[in-house]
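Notes for the structure review
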Amino acid sequence: TSTLDRLLKEDSGLVVDAVEFKVCHQCNHQPIRRAIQQGKELKLSDLKVFQAAVVCHRRQLKGLYEGSSCPTCGASADPRFTYYMRRKNWLLIPYDWGGAYEMEQRWRCPACRNLYRPELEDCPLCHKGRTKYTRPSNVWVY
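Here goes a summary of the coordinates provided. (Residues numbered from 1 in each chain as written. Predicted model: local features only at pLDDT ≥ 70, side-chain atom pairs only at ≥ 80, totals over all residues. Heavy atoms only, no water.)

Focus on the overall build of the protein chain
So the rule is basically this: The numbering of helices and of strands both runs from the N terminus, where a helix is a DSSP run of H or I of at least 4 residues and a strand a run of E of at least 2. Accessible area is worked out with a 1.4 Å probe on protein chains only. A residue is then buried under 20% of its type maximum, exposed over 50%, and partly exposed in between. Residue contacts follow a heavy-atom distance rule, with two residues in contact if any of their heavy atoms lie within 4.5 Å. Per-residue accessibility takes into account occlusion by the displayed protein chains alone, with areas from the Shrake-Rupley method and a 1.4 Å probe.
From N to C terminus, the protein chain includes three helices and six strands. Tracing the protein chain from N to C terminus, the helices and strands come up as α-β-α-α-β-β-β-β-β. Per-residue burial over the protein chain gives 36% buried out of 142 residues. Counting contacts in the protein chain only where the partners sit at least 6 residues apart, residues at least 24 apart contribute 61% of the total. For the protein chain, the computed accessible surface area is about 8800 Å², with 49% contributed by carbon and sulfur atoms.

Now the structure itself:
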């Protein structure tokens, strides 16, 4: 972390760290399926883009969200189908400082790179198990 990170936390409670985002299984069914079949991490560039966003020269991604349901289609997050990804360098306020983010542990699938809860033995998307080298990681969750 940088000196600015420390100052932000001391002055205002802001933290710069990795945050968990969800990729909607209804809005992005094909990219998620392709990532699982190919055993590759889902990239932001694989996600669908709002057509209106292309016209106004801004790239807004469909079905990328925090929280419990997709703002695009309203589908609820379901760990059996929804892809969970980590995005670095996100500005957040922890719950302890009055924000909405809490630190949680996640496993990262060695095949499709989906993040999943520690109580699960296998990735709920591709059903691959952890290897002996897999370690849990911490991520902020909204």
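Side note on the side chain of lysine 22
Definition in use: When charges are counted, Lys and Arg are positive and Asp and Glu negative, with His and the chain ends excluded. Note on definitions: salt bridges are taken to be side-chain nitrogens of Lys or Arg within 4 Å of carboxyl oxygens of Asp or Glu.
Note on placement: lysine 22 falls in strand β1 (residues 15–23). Despite its burial, lysine 22 pairs with no opposite charge; the closest candidate is glutamate 20, at 4.1 Å N-O. With residues up to four places along the chain from it excluded, the contact list for lysine 22 reads Gly63, Leu64, Tyr65, Glu66, Gly67, Ala77, Thr82, Tyr83 and Tyr84.

Side note on the pattern of salt bridges
When the charged atoms of two side chains with opposite charge come close together, those side chains can pair. Enumeration over the complete set of coordinates arrives at seven salt bridges. With a shortest N-O distance of 3.6 Å, arginine 117 and glutamate 104 are connected by a salt bridge. Of this pair, arginine 117 sits in the loop between β5 (115–116) and β6 (137–141) while glutamate 104 sits in strand β4 (residues 102–108); the two residues are 13 residues apart in sequence, bridging distant segments of the chain. The salt bridge partner of glutamate 121 is arginine 130, with a shortest N-O separation of 3.7 Å. Here arginine 130 falls in the partly exposed class, since its relative accessible area comes to 25%. One salt-bridge network, held together by shared partners, links Glu20, Glu104, Arg106, Arg117 and Glu119.

Considering the packing of aromatic side chains
Rules: In this scheme Phe, Tyr and Trp rings, the latter by its six-membered ring, pair at centre separations within 6.5 Å, and the angle between planes marks the pair as stacked below 30 degrees, edge-to-face above 60, and tilted otherwise. Each ring is checked for a lysine NZ or an arginine CZ that lies within 6 Å of its centre and within 35 degrees of its normal; such an atom marks a charge sitting over the ring.
Applying the stated criterion across every chain yields a total of two aromatic pairs. When the ring of phenylalanine 21 is compared with that of tryptophan 90, the centres are 4.9 Å apart and the planes differ by 75°; the resulting orientation is edge-to-face. You can see phenylalanine 21 sitting in strand β1 and its partner tryptophan 90 sitting in strand β3 (residues 83–92), a full 69 residues away along the chain. Under the relative-accessibility criterion, tryptophan 90 is labelled partly exposed at 27%. Above the ring of phenylalanine 21, the side-chain terminus of arginine 87 is found at 5.0 Å from the ring centroid. If you follow arginine 130 out to its NZ or CZ, it ends over the ring of tryptophan 107, 3.9 Å from the centre.

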